[in-house]
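# Structural description and commentary
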Amino acid sequence: MAIQLKSVTKAYGTGEVQVKALNGVDLEIKAGQFVVVLGPSGSGKSTLLNVMSGLDRLDEGKIVIDDYKIHEMEDKALTKFRRNHVGFIFQQYNLLQTLTVKENVLIGARLVDDPFDVDQLLEDVGMDAHAVKYPFQLSGGEQQRVSIARALVKRPKMLFCDEPTGALDESTGKNVLAILQKLNRSYNTTVLLITHNASIAALADVVVKMNSGKIVDVAKNTPIDAKELRWSE
Ligand SMILES: Nc1ncnc2c1ncn2[C@@H]1O[C@H](COP(=O)(O)OP(=O)(O)O)[C@@H](O)[C@H]1O
Ligand SMILES: [Mg+2]
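Computed from a predicted structure; not experimentally measured. (Residues numbered from 1 in each chain as written. Chains lettered and ligands numbered in written order. Predicted model: local features only at pLDDT ≥ 70, side-chain atom pairs only at ≥ 80, totals over all residues.)

Let's shift gears to unusual backbone geometry. Here the phi dihedral of S7 falls at roughly 45°; this positive angle occurs in a residue that is not glycine. Mapped onto the elements, S7 comes out in strand 1 (residues 3–12). (Helix = DSSP H or I, 4+ residues; strand = E, 2+ residues; numbered from the N terminus.)

Structure follows, in structure tokens:
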């Protein structure tokens, strides 16, 4: 999906303690692009992602995703929009501890009419041999791969990833990024990935830099393969 933001603002709190988390953000993303958002802690990266998906309301400005005018939509419509079109991956995996790997992914599948085949997807993320295990029996990287499968089983046209490798070591992090890259390329899924690890920008078609609630730089990039990535924190 193509994404367009115009003069987007979002503040938290009021008066002297007000924080302008987004302070006039313009951005254009084309369908199928892999976008990496960099910036220091507190610069507004998560807020940007949350207002795009309608998880959080913007104060002013416009957000248009394909034909959806996010800034005009009611909560109910936003929930439906998110359910049908957006996959989320967070630093915390948020798996249901009482369900197996496969059952966790099935939950995502039941949200939509036309999900991917769960077994095939578990194979794609290299978790087919772990299908009947519970989250506590898995490493962090394995849990993150399950959360990727859960997000992707819905066939989302957009994937929003907030620090997806933040809790992972280098080789596991690279594996996870390789999966995201493959999905972006095979299904033309638009990917927005937030990170504070600048080396991950090498995977992007577009690198967006944020500071103090503003976009301070947008640069095109020729992406490298995830396995060629050189990691630095
Ligand atoms: N729910 C909230 N309530 C109050 N302030 C918030 C909330 N969410 C974010 N902020 C503030 O907005 C600013 C941007 O936060 P955030 O978007 O989380 O930044 P980043 O993801 O780049 O670290 C920060 O100053 C943060 O403290
Ligand atoms: Mg954040």
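Before going further, it helps to spend a moment on the packing of helix 5 (residues 140–152) against helix 6 (residues 170–187). Look at helix 5 against helix 6: their axes get within 9 Å of each other, and the N-to-C directions meet at 15°. Between helix 5 and helix 6, the crossing angle belongs to the class labelled roughly parallel. Here helix 5 and helix 6 pass one another in a crossing that is right-handed. Across the interface between the two elements, G140, G141, Q144, R145, I148 and L152 of helix 5 pack against T172, N175, V176, I179 and L183 of helix 6. Considering only residue class, the contact of helix 5 with helix 6 consists of five nonpolar, five polar and one charged. (Axes fitted to C-alpha atoms, helices over the stretch in contact; angles between N-to-C directions. Parallel < 35°, antiparallel > 145°, perpendicular 65-115°, else oblique. Left-handed = near helix turned anticlockwise from the far one by under 90°. Contact = placed C-beta atoms within 7 Å. Nonpolar A, V, L, I, M, F, W, Y, C, P; charged D, E, K, R; others polar.)

Turning our attention to the pairing of strand 7 (residues 158–162). Buried residues dominate strand 7, accounting for five of its five residues. Burial along strand 7 is two-sided: the face carrying M158, F160 and D162 and the face carrying L159 and C161 are both buried. Summarising the sheet, strand 6 (residues 86–90) and strand 7 pair through five bridges and their orientation is parallel. Following the sheet pairing, I89 is matched in strand 7 by C161. Where strand 7 meets strand 8 (residues 190–195), five bridges bridge the pair, whose relative direction is parallel. (Buried ≥ 20, exposed ≤ 12 C-beta atoms within 10 Å, placed from the backbone. Pairing = 2+ DSSP bridges.)

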